[in-house]
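Here are the chains, one letter per residue:
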Amino acid sequence: MTSQRKVALITGAGKRIGAHIAQRLHQDNYDVVLHYRSTREAAEQLGAELNQRRPNSCLMVQGDLAESACWGDIYTR
């Protein structure tokens, strides 16, 4: 991802409404960070599709946002 582009973090992006929001923001030229807790397969599939449309425009982050350790993982990426 480049620092000059708009970036959106979408929580719960693996399925349903989160996935639709991610697709729409990506379509509107945002780079997206897809957060998921347990829907790895769906998030990876969506991430691959988005990166195929626009290379290096999507990053995936797994974790339980209720756990403080998850936030450290997000900040170090």
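Our subject is the structure that appears above.
Keep in mind that what you see is a predicted model, and the values were worked out from it rather than measured. (Residues numbered from 1 in each chain as written. Predicted model: local features only at pLDDT ≥ 70, side-chain atom pairs only at ≥ 80, totals over all residues. Heavy atoms only, no water.)

This next bit is on the sheet that holds strand β1 (residues 7-10). Pairing in this open sheet of three strands is parallel, and the strands run β1-β2-β3 from one edge to the other. If you trace the sheet from one side to the other, it starts and ends with β1 and β3 (58-62), each paired once. Recorded for the sheet is a direction-independent mean angle of 15 degrees between the axes of neighbouring strands. Judged from the four bridges that link them, β1 and strand β2 (residues 31-36) form a sheet pairing that is parallel. What sits directly across from Leu9, in β2, is Val33. Packed onto the sheet, helix α1 (residues 16-27) meets β1 and β2 and runs at close to 175 degrees relative to β1. (Pairing = 2+ DSSP bridges. Helix = DSSP H or I, 4+ residues; strand = E, 2+ residues; numbered from the N terminus. Axes fitted to C-alpha atoms, helices over the stretch in contact; angles between N-to-C directions. Contact = heavy atoms within 4.5 Å.)

Before going further, it helps to examine the environment of Lys15. The topology assignment puts Lys15 in the loop between β1 and α1. Lys15 gets classed as partly exposed once you look at its relative accessible area, which sits at 42%. When the C-alpha positions of Lys15 and Tyr36 are compared, they lie 8.7 Å apart, and in sequence the two are 21 residues distant. Apart from residues no more than four positions distant in its own chain, Lys15 is found in contact with Thr39 and Ala42. (Buried < 20%, exposed > 50% of the residue type's maximum accessible area, 1.4 Å probe, protein only.)

Side chains that carry opposite charge are capable of pairing whenever their charged atoms lie near each other. Across all of its chains, the model carries four salt bridges by this definition. Of the charged contacts, one joins Arg5 and Asp31 as a salt bridge, the two residues approaching to 3.2 Å between their closest N and O atoms. You can see Arg5 sitting in the segment before β1 and its partner Asp31 sitting in strand β2, a full 26 residues away along the chain. Classification of Arg5 as partly exposed rests on a relative accessible area of 30%. Here the salt bridges do not stand alone but share partners, grouping Arg5, Asp31 and Arg54 into one network. (Salt bridge = Lys/Arg side-chain N within 4 Å of Asp/Glu carboxyl O.)

The next subject is the pairing of β2. Among the six residues that make up β2, six are buried, leaving the element largely enclosed by the rest of the structure. Neither face of β2 is left uncovered, since the one carrying Asp31, Val33 and His35 and the one carrying Val32, Leu34 and Tyr36 both have all their residues buried. As for the winding sense of the linkage, the β-α-β connection from β1 through α1 to β2 is right-handed. Bridge count between β2 and β3: five bridges; the pairing is parallel. (Right-handed = clockwise from strand over helix to strand, strands pointing away.)

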